[in-house]
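Tertiary structure, described
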There are 2 protein chains.
Amino acid sequence: MPVPTQFERLRVVLVATRNPLNMGAAARAMSNFGFACLRIVNPYEAAFREARSAVGASALLANAEEYSNVADAVADCTLVVGTTAFGHRELQHPLRRLEYGARLIRKHLRSNRVALLFGSEKFGLSNADLSHCHWLMRVPTCERNISMNLGQAVAVCLYELVRDAKSTAQTEKPKHATAGEVERITEILLDSLRLSGYLDRRPVTAAEERIRRLVRRLDLQARDATIWLGILRQIVWKMRSQKTEGLSQPGDRKTS
Amino acid sequence: MPVPTQFERLRVVLVATRNPLNMGAAARAMSNFGFACLRIVNPYEAAFREARSAVGASALLANAEEYSNVADAVADCTLVVGTTAFGHRELQHPLRRLEYGARLIRKHLRSNRVALLFGSEKFGLSNADLSHCHWLMRVPTCERNISMNLGQAVAVCLYELVRDAKSTAQTEKPKHATAGEVERITEILLDSLRLSGYLDRRPVTAAEERIRRLVRRLDLQARDATIWLGILRQIVWKMRSQKTEGLSQPGDRKTS
């Protein structure tokens, strides 16, 4: 997946983050989904130092820009979106579900810079932080547990921004076995049923047609048909050889 | 968001997880998105104990079922899907992107049980684990960094299962100001431009029409129109009072 230039226009802004693991997790998700610009506002000093020096901290985290306030961190953006679990009716901000909000953000990113704000683990974004936002966005969590882990919330939001709605089966469809191959399997299976005495013990009408349909329902792939044919041939050979005793292995027949 | 019964049919299966924080994170994401059945295969003992006893570990984690092998953990399911960052071409498993795979899983969950497997942080799912799977699924990460944090991968996969493709603007559209309100603002703004001398210093043709269009472009909301009207009236009052000196405040006029 190549990184579209427009994703360079997104600023992920972490406000007052406390846990260095969450800063690292946010940076990792950004790197997974192709975003590069991380901004940190008023982090707990120790947490920021620890996150920067953590094993596995990417270049992205090392290049994170530090700000002392939200206004400066979003100053170059034309759209500022705050994430929230709660909504803030009293603030009269429009609150959009991630599926819809991400669509608006993607549209905006085509030619403009967008800041996406995430608040602290404990309190989220403050009313003062939110006053810098044009609108709010929430991940569609259950009412019973709406509060997400910060690193997971960042990952889910960024995933929604990059997901491809038109994605369909991209793997090659496996080739199916031909009718001829399936019929050869049917015949050798019938042989094995006769030799094993299966059909004697379970006499049914139209046994051959039933078995033929049973094999068709397997919907065998071409490569698997060959394997099944080999398995059944070996079994049939073994049962025949036990009947007559002392025959050589099927593989030996060429040399015998 | 009510929990659909079909989500109870999903088993999230963590295989050989090492880090208790990741087990906790997986449980938290399940709880966020309305899934309940967590199964743990061969966890590192200490990690599992620590995760269970961790502060904030939900009932979900306490109810997690422990298994010693993958076969038992998926035995009641009719579809088994393995997650992978890499794909395993040599295993000839179909590999599906999350967007498409989740659609198939959702369809299956309508009437059947599905197991979704996540491997260990370091090695992912082993070839032996994968041999229990019908197909594999991958989160669409960047080639430069395909490997996701386990807790974040679980969150993103479950989010994709619950996301609502038809989600659109659910917030009430704010009411716009009426033409009458906008015109009142235009008039008082023009007053303030005249009083402040703005129009004298920047004489333009058709100033009134220009200002009228400028105000229309603000696309004011009804509740904001009232506020702007108040602001402009106060400013105009102040400039008039400074001209004539000694006038009372606009609020005082009623009593004067």
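Residues numbered from 1 in each chain as written. Chains lettered and ligands numbered in written order. Predicted model: local features only at pLDDT ≥ 70, side-chain atom pairs only at ≥ 80, totals over all residues. Heavy atoms only, no water.

1. A few points about the overall build of chain A
Note the cut-off: Each helix corresponds to a stretch of at least 4 residues labelled H or I by DSSP, and each strand to a stretch of at least 2 residues labelled E; elements are numbered beginning at the N terminus. Categorising residues by exposure relies on relative accessible area from a 1.4 Å probe, with only protein chains included: less than 20% of the type maximum marks a residue as buried, more than 50% marks it as exposed, and the intermediate range marks it as partly exposed. Should any heavy atoms of two residues lie within 4.5 Å, those residues are counted as being in contact. All accessible-area figures derive from a Shrake-Rupley calculation using a 1.4 Å probe, and residue coverage is judged against the displayed protein chains alone.
What chain A contains, in helices and strands, is eleven helices and seven strands. A buried classification covers 44% of the 256 residues belonging to chain A. When contacts within chain A are restricted to residue pairs at least 6 apart in sequence, those whose partners lie at least 24 apart make up 82%. By element, 51% of the accessible surface of chain A is carried by carbon and sulfur atoms, the whole surface being about 13,900 Å².

2. Observations regarding the pairing of strand E2 (residues 37–41) of chain B
Residues and elements named next belong to chain B. Here is the rule: Only strands that DSSP links by at least two bridges are regarded as paired with each other. By convention, orient the strands away from the viewer: a clockwise path from the first strand over the helix to the second makes the crossover right-handed.
Within E2, five of the five residues are buried, which leaves it mostly tucked inside the rest of the structure. The two faces of E2 match: Cys 37, Arg 39 and Val 41 on one face and Leu 38 and Ile 40 on the other face are all buried. Pairing geometry for strand E1 (residues 10–15) and E2, over five bridges, is parallel. If you follow Val 13 over to E2, its bridge partner there is Arg 39. Crossover connection from E1 via helix H1 (residues 20–33) to parallel E2: handedness right-handed.

3. What to know about the pairing of strand E6 (residues 114–118) of chain A
All names here are of chain A. For E6, a buried count of five out of five residues is recorded, marking the element as mostly surrounded by other parts of the structure. Side chains Val 114, Leu 116 and Phe 118 of E6 all project onto a buried face; the interleaved residues Ala 115 and Leu 117 project onto the opposite face, where all are buried too. Here strand E1 (residues 10–15) runs beside E6; their pairing, made up of five bridges, is parallel. The residue bridging Leu 10 from the neighbouring strand is Val 114, located in E6. In this structure, strand E4 (residues 79–83) lies alongside E6, joined through four bridges in parallel fashion. When the bridges of E6 are listed, Val 81 appears paired with Leu 116.

4. Examining the pattern of salt bridges
How we decide: The term salt bridge refers to a side-chain nitrogen of Lys or Arg lying within 4 Å of a carboxyl oxygen of Asp or Glu.
Overall, the coordinates contain 24 salt bridges over all chains when judged by the stated rule. The partner of Asp 76 of chain B in a salt bridge is Arg 39 of chain B, with the nearest N and O atoms 3.0 Å apart. You can see Asp 76 of chain B sitting in the loop between helix H4 (70–73) and strand E4 (79–83) and its partner Arg 39 of chain B sitting in strand E2, a full 37 residues away along the chain. With relative accessibility at 5%, the residue Arg 39 of chain B sits in the buried group. Arg 223 of chain B is the salt-bridge partner of Asp 224 of chain B, the closest N and O atoms lying 3.8 Å from each other. Overall, the relative accessible area of 25% leaves Asp 224 of chain B in the partly exposed class. Accessibility expressed as a relative area gives 37% for Arg 223 of chain B, which makes it partly exposed. Members of the salt-bridge network, linked through shared partners, are Arg 11, Arg 39, Glu 65, Asp 76 and Arg 113 of chain A.

5. Points about the nonpolar core
Worth spelling out the cut-off: What makes a nonpolar core is a set of buried Ala, Val, Leu, Ile, Met, Phe, Trp, Tyr and Cys residues whose side-chain atoms join them at distances within 4.5 Å.
Counting residues in hydrophobic clusters, the biggest one holds 84 residues, and the most contacted among them are Leu 10, Leu 38 and Ile 105 of chain A together with Leu 10, Leu 38 and Ile 105 of chain B. Excluding its chain neighbours within four sequence positions, the residues that come into contact with Leu 10 of chain B are Phe 35, Cys 37, Ile 105, Leu 109, Val 114, Leu 116, Leu 158 and Leu 161 of chain B.

6. Quick word on the confidence of the model for chain A
All names here are of chain A. To keep things clear, this is the line we draw: Think of pLDDT as the predictor's per-residue confidence, scored from 0 to 100.
Summary statistics for chain A give a mean pLDDT of 86 and a share of 88% for residues scoring 70 or more. Long-range and interchain partners of residues 252–256, a stretch whose pLDDT sits below 50, account for two contacts in this model, where long-range means more than four residues apart. In the model output, the complex is listed with pTM 0.82 alongside ipTM 0.80.

7. Description of the relation of the copies chain A and chain B
We count it as follows: When the copies are superposed, the least-squares fit takes in the C-alpha atoms of residues with a pLDDT of at least 70 in both.
If you rotate chain A by 180° and push it 0.1 Å along the axis, it lands on chain B with an RMSD of 0.1 Å. Such a combination of rotation and displacement between the chain copies is what one expects of a two-fold axis. A symmetric contact is evident, with 100% of the interface residues of chain A recurring at the interface of chain B.

8. Quick notes on the side chain of Glu 99 of chain A
Rules: Pairs of N or O atoms are called polar contacts if they sit within 3.5 Å, as long as, within protein, a hydrogen donor faces a hydrogen acceptor (for residues adjacent in sequence, only side-chain-to-side-chain pairs).
Topologically, Glu 99 of chain A is positioned in helix H5 (residues 98–109). At a separation of 2.6 Å, a polar atom in the side chain of Glu 99 of chain A contacts the side chain of Arg 97 of chain A. A polar side-chain atom of Glu 99 of chain A sits 2.7 Å from the main-chain amide nitrogen of Asp 164 of chain B. Here Glu 99 of chain A is in contact with Pro 140 and Glu 160 of chain A together with Tyr 159, Arg 163, Asp 164 and Ser 167 of chain B, once residues within four sequence places are set aside.

9. Remarks on the sheet that holds strand E2 (residues 37–41) of chain A
All names here are of chain A. Put simply, the test is: Every axis in this analysis is a line fitted to C-alpha atoms, fitted for helices over the stretch in contact. Angles between the N-to-C directions lie between 0 and 180 degrees.
An order of E3-E2-E1-E6-E4-E7-E5 is seen for the seven strands of this open sheet, with the pairing classed as parallel. A strand with exactly one partner marks an edge of an open sheet, and here the two such strands are strand E3 (65–67) and strand E5 (95–97). Averaged over all pairs of adjacent strands, the angle between their axes in this sheet comes to 30°, without regard to strand direction. On top of the sheet, helix H7 (residues 150–162) reaches E1, E4, E6 and strand E7 (135–138); it is set at about 150° to E6, its chief contact.

10. Structural notes on the interface of chain A and chain B
Note the threshold: Note: buried area is the sum, over both parts, of the accessible area (probe 1.4 Å) each one loses when the two are combined.
In this assembly, 46 residues from chain A lie in contact with 46 residues from chain B. Carbon and sulfur atoms make up 49% of the area that chain A and chain B hide from each other, which totals about 4,000 Å². Looking at the side of chain A that touches chain B, the elements with two or more residues in it are helix H1 (20–33), E5, H5 and H7 of chain A. At eight residues, H1 of chain A tops the list of elements feeding residues into the side of chain A that touches chain B.

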